[in-house]
Amino acid sequence: MNIPIQKEPVKSINWLFVSTVVIPTFIAIIYFGFIASDVYISESRFVVRSPDKQGSSPFTSLLKGTGFSSSQDDSYTVQDYILSRDALKSLNDHLNIKDAFSNPKVDIFSRFSGLAFWDKSFEDFYLYYKKLVEIELDSDSSITTLKVKSYTAEDSVRINEQLIQLSEALVNKLNETAKTDMISFAAEEVRNAETKAKEAALKLSLYRNQKGVMDPEKQTSLELEQVIKLQNELITAQEKLMQLQTFAKLNPQIPSLQLQIRSLEEEIAIQTKQVVGGDQSLAKKAAEYQRLALEREFADKQLASTLASLEVARNEAQRKQLYLERIAQPSLPDKAMEPRRIRSTLVVFIFGLVGWGILSLFIAGIREHKD
């Protein structure tokens with residue numbers, strides 16, 4: 001009697017596992033193992049510093065000992081410029097990097113306009129460029145690190161070097177603009193002060209010519225001295241006249257003394273009027289003269305101040321220049337750092353497992369709900 005042999009049921013293929021784990025991992029192995037292009041990274045470091053700004057970190061303290069300090073705000077300016085469209089345009093004009101990144105030797109998934117071959121616009125290239133250039137500023141040391149990715153070591157170095165040269169040109173341009181603005185402003189102030197000083201001197205000179213005076217204060221002093229002298233002579237004559245009228249009433253000198261006294265009194269009155277009396281007196285002229293003299297003195301002091309400011313501005317324009325100092329030159333990579341083929345493949349495998357587990361739980365929950 002033949003006993004029938006029971007066959008074990010053949011397990012069906014877990015298509016969910018295949019589609020979420022096996023196939024993506026197989027594609028990753030093919031791509032990262034045989035298709036993905038090598039990526040070379042060139043790294044450089046630099047610092048933007050200025051003589052007049054002080055820092056507190058050990059590195060800035062070291063720069064301070066040499067007469068310089070870091071200039072973090074200007075480092076951000078350089079950083080923004082490197083990631084700008086202007087930098088990309090200059091870079092492409094000098095090195096034609098658009099063709100380098102569109103090279104057919106680069107895998108279709110990595111090169112510019114590989115899949116989207118119909119879109120080769122500058123804006124699209126700019127978005128592509130920002131993925132290949134990394135720039136980071138260390139806030140403690142103020143050192144900026146620039147990394148450039150490319151598909152050949154030589155291109156990475158050339159692009160990195162060109163970006164630093166463009167940054168140096170930007171710093172020099174900022175220096176020149178600041179210097180020009182500072183000196184131009186100070187020079188304009190000097191020109192205005194010179195004009196005011198000339199006008200004040202001309203007004204004073206015209207007043208002297210019109211009024212016939214040189215310095216009312218000095219002239220007043222001379223006139224007052226003359227009046228005092230005449231008054232002393234008058235007192236002497238009056239005393240002598242009193243003595244003669246008392247002891248020698250018939251003395252023939254009495255009439256001449258009386259005439260002399262009247263002459264002295266008239267002269268004193270004239271001299272006094274010239275000093276303090278009427279619109280043409282020296283006292284009246286002195287007030288206007290002092291006002292004009294003060295205006296001229298103020299204008300002269302202002303001119304001297306602006307000239308000193310101009311000299312200071314010239315010195316400051318030289319002293320406050322920015323400097324881009326290279327800490328590390330652009331490196332020439334001798335090994336491709338990306339893509340990390342094994343790690344990338346493992347990442348795809350792990351994510352596939354996670355996705356498979358989540359979907360399996362989800363499907364099991366649906367089946368239990370139906371049952």
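Residues numbered from 1 in each chain as written. Predicted model: local features only at pLDDT ≥ 70, side-chain atom pairs only at ≥ 80, totals over all residues. Heavy atoms only, no water.

The topology assignment puts Asn 315 in helix H10 (residues 282-319). Judged by relative accessible area, which is 45%, Asn 315 ranks as partly exposed. When the C-alpha atoms of Asn 315 and Ile 183 are compared, they prove to be 9.7 Å apart, with 132 residues separating the residues in sequence. (Helix = DSSP H or I, 4+ residues; strand = E, 2+ residues; numbered from the N terminus. Buried < 20%, exposed > 50% of the residue type's maximum accessible area, 1.4 Å probe, protein only.)

A word on the nonpolar core. Within soluble globular proteins, side chains that are nonpolar tend to cluster in buried spots. Membership of the largest hydrophobic core comes to 32 residues, with the highest contact counts inside it found for Ile 82, Phe 101, Leu 146 and Leu 163. Among the elements of the structure, strand S1 (40-50), helix H3 (72-82), helix H4 (85-95), helix H5 (97-101), helix H6 (122-132), strand S3 (133-137), strand S4 (143-150) and helix H7 (153-211) are those that each provide at least two residues to this core. The element best represented in this core is H7, accounting for six residues. Beyond its immediate sequence surroundings of up to four residues, Ile 82 is in contact with Phe 46, Ala 87, Tyr 129, Val 133, Ile 135, Leu 146, Leu 163 and Ser 167. Listed in part, the 10 residues of the second largest apolar core include Ala 186, Val 190, Ala 200 and Ala 299. (Core = buried A, V, L, I, M, F, W, Y, C linked by side-chain atoms within 4.5 Å. Contact = heavy atoms within 4.5 Å.)

In terms of burial, S4 is largely enclosed, as seven of its eight residues are buried. Here eight bridges tie S1 to S4, and the two strands are oriented antiparallel to one another. Its bridge partner lying in S4, Val 47 is registered against Ile 143. Connecting S3 to the next strand, S4, in antiparallel fashion are five residues, including Ser 142 with a positive phi near 65°. (Pairing = 2+ DSSP bridges.)

Functional significance is not addressed by these values, which are geometric in nature.
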